[in-house]
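Fold and geometry: a report
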Amino acid sequence: MLKSCVFFVFVFALVSSLSHAGLDVDNAWGDIVALYKFDDDHDDGPRGFDAQLQEGAVIESGGRGKCLKLMKKGSFGSFLNDHHIALSNEFSIVVWVKLNPQEDSLNIGMHGLTEDEDSVGSAGMSVLPDGNLWGSFYHAATERTLEKNVNLQTQDKNLSDNKWHHIAFTSYEGIYNLFIDGQLAARRHIDDYISLWGDKTNIYVTNANAKGSFNDRILVDELGFFETGLSIYEVRAVRQFGFDAFLQAMPVEPTGKIATTWGTLKMR
């Protein structure tokens, strides 16, 4: 009993001591592209990528407190933001979703553009009509480089069951991962180095078919985009504790990679 109490005090002290050393400091905030907790349409990250609700998109209570609801041709996006995006072979996208079977894919991603608004590439994931999860990282061709892309997909999953699911797409050092409810659902390693740099940034949650329409309604909550690759323990921490607790507890290593503080604590 005494040992357990001592460990609890140690964990509490460690997390408290990190409350001002995590991603809320200037350098650490550089890893966050955008965060949406959907209390409203504002970006809770440092870049201020406040979004627009298009047509059948509203923010209302949906079982997890307030969340984004998309109906019919509804979409959510923040476009042509004058802040660079730098995905140097690593990134993460995490979000909660709840949806029924759809005729088209639910598309969630971040997109880089040049000053002239030409595409330089994107990182995104989709819930496919069959309920599986698909991820894609793409670098557009330039005068000096060829087009590069990597895709991966889960098998025999069903996210379209009208239940809340936490999904994530991450990349770090050429290893691409899809997570469903804190579990690794698909993984792919490629030797080719893929990265992208954009002068402007788009953020979107939309129907993959521009002329399509969602069936019933789709709910989205706690959506985060990062320029760093989260580990499985960090994905689980985001899922279990939410953004606020996660960001307070995550210090940044000298390399700029988010440390696995929560993973270490959970494994003890």
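Residues numbered from 1 in each chain as written. Predicted model: local features only at pLDDT ≥ 70, side-chain atom pairs only at ≥ 80, totals over all residues. Heavy atoms only, no water.

Okay, the overall build of the protein next. Within the protein one finds four helices and 17 strands. The buried share of the protein, taken over its 268 residues, is 52%. Sequence-distant contacts in the protein: of pairs separated by 6 or more residues, those separated by 24 or more amount to 65%. When the accessible surface of the protein is summed, it comes to about 12700 Å², and 50% of that surface belongs to carbon and sulfur atoms. (Helix = DSSP H or I, 4+ residues; strand = E, 2+ residues; numbered from the N terminus. Buried < 20%, exposed > 50% of the residue type's maximum accessible area, 1.4 Å probe, protein only. Contact = heavy atoms within 4.5 Å. Areas by Shrake-Rupley, 256 points an atom, 1.4 Å probe, with all protein chains shown as cover.)

Here we take up the environment of glycine 63. Structurally, glycine 63 is set in the loop between strand 3 (57–61) and strand 4 (66–72). By relative accessible area, which is 77% here, glycine 63 ends up exposed. Taking the C-alpha atoms as reference, glycine 63 lies 9.5 Å from leucine 219; in sequence the two are 156 residues apart.

With that out of the way, let us pick up unusual backbone geometry. One non-glycine residue, phenylalanine 38, lies in the positive phi region at around 65°. Relative to the assigned elements, phenylalanine 38 resides in the loop between strand 1 (32–36) and strand 2 (52–54). Not every positive phi belongs to a glycine, and glutamate 55 is a case in point at roughly 50°. In this fold, glutamate 55 is placed in the loop between strand 2 and strand 3. Its relative accessible area of 67% is what places glutamate 55 among the exposed residues.

Moving on, we come to the sheet that holds strand 11 (residues 148–153). Spatially, 2-5-16-8-9-10-11 is the arrangement adopted by the seven strands of the open sheet, whose pairing is antiparallel. Of all the strands in the sheet, the pair left with one neighbour each is strand 2 and strand 11. In this sheet, neighbouring strand axes are inclined to one another by 15° on average, regardless of whether the strands run parallel or antiparallel. (Pairing = 2+ DSSP bridges. Axes fitted to C-alpha atoms, helices over the stretch in contact; angles between N-to-C directions.)

Below, the discussion takes up the packing of aromatic side chains. Tallying each qualifying case throughout the model produces seven aromatic pairs. Between phenylalanine 91 and tyrosine 176, the aromatic rings sit 6.3 Å apart at their centres with planes inclined by 50°, giving tilted as the arrangement. Placement of phenylalanine 91 in strand 7 (residues 91–99) and of tyrosine 176 in strand 13 (residues 175–180) is noted, with a sequence separation of 85 residues between them. The same class applies to phenylalanine 91 as to tyrosine 176, namely buried. Here the aromatic rings of phenylalanine 137 and tyrosine 176 are separated by 6.3 Å at their centres, their planes lie at 40°, and the arrangement is tilted. Residue phenylalanine 137 is found in strand 10 (residues 133–139), and its partner tyrosine 176 is found in strand 13; the two are separated by 39 residues along the sequence. There is no split in this pair, since phenylalanine 137 and tyrosine 176 are both buried. Positioned above the aromatic ring of tryptophan 96, the side-chain terminus of arginine 64 is 4.3 Å from the ring centre. Between arginine 64 and the ring centre of tryptophan 164, over which it is positioned, the NZ or CZ distance is 5.7 Å. (Phe/Tyr/Trp six-rings, centres within 6.5 Å; stacked < 30°, edge-to-face > 60°. Lys NZ or Arg CZ within 6 Å of the ring centre and 35° of its normal.)

The next thing to look at is the side chain of arginine 47. In this fold, arginine 47 is placed in the loop between strand 1 and strand 2. Residue arginine 47 is classed as buried on the basis of its relative accessible area of 14%. Among the polar contacts made by the side chain of arginine 47, one reaches the main-chain carbonyl oxygen of histidine 84 at a distance of 3.1 Å. (Polar contact = N/O pair within 3.5 Å; in protein donor to acceptor, adjacent residues only side chain to side chain.)

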